[in-house]
Each structure stands twice: as C-alpha cells, then as structure tokens.
Amino acid sequence: MTFHSMWAELLPIGRNSASGGYRRYAWTGADAECRNWFKAQAETRGLTYELDRNGNQWAWLGDPAAGDAVVTGSHLDSVPDGGAFDGPLGVVSSFAALDELRGRGVQFTKPLAIVNFGDEEGARFGLACVGSRLAAGQLTVEQAHRLTDGDGVTLPQAMAAAGYDADAIGPDPERLARIGAFVELHVEQGRALDLSGDRVGIAGAIWPHGRWRFDFRGEANHAGTTRLVDRRDPMLSYAETVLAARREAQLAGAVATFGKIAVEPNGVNAIPSLVRGWLDSRAADQDTLDTVVTGVEKAAREYAEAHGVDLDVVRESFTPVVEFDHALRDELARVLGKDTDLRVPVLGTGAGHDAGILSGSIPTAMLFVRNPTGVSHSPAEFAAEDDCVAGVTALADVLEGLACR
C-alpha cells in the first residue's frame, strides 16, 4: 500500500463530524478500530504481530530475540478533537518506510519493528504516555490501577472491557533490552521548520514539563441571593490564577496553560463550591520551569486567601528535560546529510513523546515533519503530502543506515 492509501484508510476512524477533530481515546471503540488497522498492516506485510503486556502493538521483521533491534513508530490515539497527524503520521510513515526499503532491495542485518504505543496522549485517564511509561517502569502497577476517567472508570476496568488483561501490565525490561535504537517520526508541533523552509528536522531535546492540579474550595450558595461580600467564590481565585500563569510564563520565556476545568456543583445559578483546574507548564530548562510553577502557585495562594478559599496543589505528572542520545542523533544527521538537497536542522520541542519516555532505557531519536500551520492538538493541524513523503524517505534512509549495515 502507498502512503496515500494507508492515510486515506485510517483517516475516517474516530473522526467527529461536528468538529472535524479526532476522538481516539484509549480502550474505546475508535481505539479498537485503530488497533485493528495496525494489525492488518502488519499481517499484510508478513510481519510478526505481537501485543505486549501493556497493550502496545508490535510488528516485527526478523527475530525479536536476536537483540539490537531497530524500532520505529509512534501512537494512534488522540487528544479531544485533535488533528489527524499527531501520532498517526509516525505509524503510517513507518510502514511506508519499510515498503520503500523493500523496494530498494536492501538486506536487513538487524531485526526491525514498528510499534504503536497505547494511550500516549492521556486524553482519557489524564496521564500521557501510559503504554511507554509502564514498559519503562516509570509508572507502577499500583499507580496505573488508580487511574480513572471522567466517568469514574478505572484503567483496569477499561482494559478489561476492551478484552485485555489489566493484571498483566507492568515493566517490560526484557523487551526493551532487545532494542538497540528507537526512532520516532512526528509532525512538528510548531512552525520552526516552516519558518526555516526545511521539510524535515531532528529533535535535539524535549523541554521539562508537567501537569499540576489546582483545587480551589469555597462555599456553594445561591447566585441570586448571596451578597458579593458574603461569598467564598473559588471561581474568582481560579480566574485570577489563569491570568497569573500567563504572566509568569511570559516573564520567564516559557509556556503555562490552564486548559481543563471541573466545577461543582456546576449550576448556572449556583456559586461553585469547588473549581478544579489543571495547569500544563513547560520550559527550556528545569530552573525556568520551577520559577514559573512556583510563581503561579504563590499567586494562587494569595488569591485564595483574599477570597476566603482553600487551595490544594497536586503535581500529577512530571517529565524532566530529555536530551536525546547524542550518538544516535549525530548518526541521523550524518545519514540524512548525505543528501545535499535536504537540510536537517536540530530542533528543541516543548511536546512530550514516547521517545522521550524511553530515552532513559534505550537510545532514542526523533524526526519532525514540517507543519505549515504551526497548529497541533487541533483539527487545523496539517502537513502537506510532499512533506510527508519527504519524511518517509528520510525515515527509510535512517532505518537503512541503522538496520542494514
């Protein structure tokens, strides 16, 4: 199958007709359709299909037990009403790159695998990269079992409903020990390549980033009869904290976003008793990130005290700065540098990825494909087909350099 035909086949799955975005959440019907598509692609190519203990899918060419395998791939799930490219571009490009290598008639000297990591976006259970975190031992079984979605369904319950054994999840060091290198292709989530005029880039590092939950607890009351001076309204403290996050991030040259909120009792004519907001913050270095988050929390506590509101702040997830393996990164640059028509800049990124999670266990690297809109996690996310094809060629060149020497 061509890149175009694979892309067209995957495109309708999980798409919301009203928003035009995707709702491919972990362990749902749309997720199952994506998984079936992956399995079919593996079987069509005569690859050995495996489902690991954490629900990650693998398609192997060669003997996995031989070791020093070269792995590529990404994820197929999405954020709420996300774009078509974030994740799926990497998976489709991996199969297309394998097809190109076979067309070149190359001889593989190492096992090659394509992977679809489960629940990378964390849209359903609030924690990103669940599949790779479990495999790498960065998420314990106990922590995973405590994850719940907005309807109170736990991760084990969701996995069981989808036909998987949640009791089997956990670290997978033996599998990771078989991997000599993991290269993930991804659409760029920004405009650096568009501004530089390059089709493909190499990741240098992932900014440190995390998610913090702010619980503002006040007093529910009648919106029409309670005097303003008698109110303990947590919405006021929350609103001021949102503005503080923007201010602190701007001063530090970082980013900070309150993108999710839950309100109780959530009535139009009721003063809230609880406003729960989630802060996502990222910066180029740890000190800057600490400065931003500390500043936001300090401001939030001051606003809460002023309005007679209680505040709890919980760090729900955190990923330190990820410096991708320098030797592997340099090898990608060397291989791609052979083509004098292809400039390949090295880029930093504020977005987290499975490659970043796995970097503590195995050598990892990333390729980015130009996104002319600079928009991600939105239906407006885009990559032109000729740029996608350039990404497939670049990935094929890299895989040939790593697995066929």
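Located above this text is the structure these notes cover.
Residues numbered from 1 in each chain as written. Predicted model: local features only at pLDDT ≥ 70, side-chain atom pairs only at ≥ 80, totals over all residues. Heavy atoms only, no water.

> Could you give an account of the overall build of the protein, with specific residues and numbers?
Along the backbone of the protein there are 13 helices and 15 strands. A globule of 405 residues ought to have a C-alpha radius of gyration of about 22 Å, and the protein, at 22 Å, matches this closely. For the protein, the C-alpha atoms occupy an extent of roughly 80 × 45 × 40 Å along the three principal directions. Scored against the burial criterion, the 405 residues of the protein give a buried share of 52%. Restricting to contacts in the protein with at least 6 residues of sequence separation, those with at least 24 account for 77%. Taken as a whole, the protein presents about 17000 Å² of accessible surface, with 50% of it coming from carbon and sulfur. Charge-centre separation for the protein: the mean point of 37 positive side chains lies 1 Å from the mean point of 57 negative side chains. (Helix = DSSP H or I, 4+ residues; strand = E, 2+ residues; numbered from the N terminus. Rg over C-alpha atoms; globule rule 2.2 N^0.38 Å. Buried < 20%, exposed > 50% of the residue type's maximum accessible area, 1.4 Å probe, protein only. Contact = heavy atoms within 4.5 Å. Areas by Shrake-Rupley, 256 points an atom, 1.4 Å probe, with all protein chains shown as cover. Lys, Arg positive; Asp, Glu negative; His and termini not counted. Charge placed at Lys NZ, Arg CZ, Asp CG, Glu CD.)

> Which residues make up helix α11 (residues 326–337), and what values go with them?
Between the first and last C-alpha of α11 there are 16 Å, a value that for twelve residues agrees with the 16 Å anticipated at 1.5 Å per step. For α11, the set of buried residues is L328, R329, E331, L332, V335 and L336. End-on, the buried residues of α11 take up no more than an arc of 160°, which puts them together on one face. Lining the buried residues of α11 we find β5 (179–187), β6 (200–206), β13 (322–323), β14 (346–349), β15 (364–369) and α13 (385–403). (Expected span 1.5 Å × (residues − 1). Arc of directions from axis to C-beta.)

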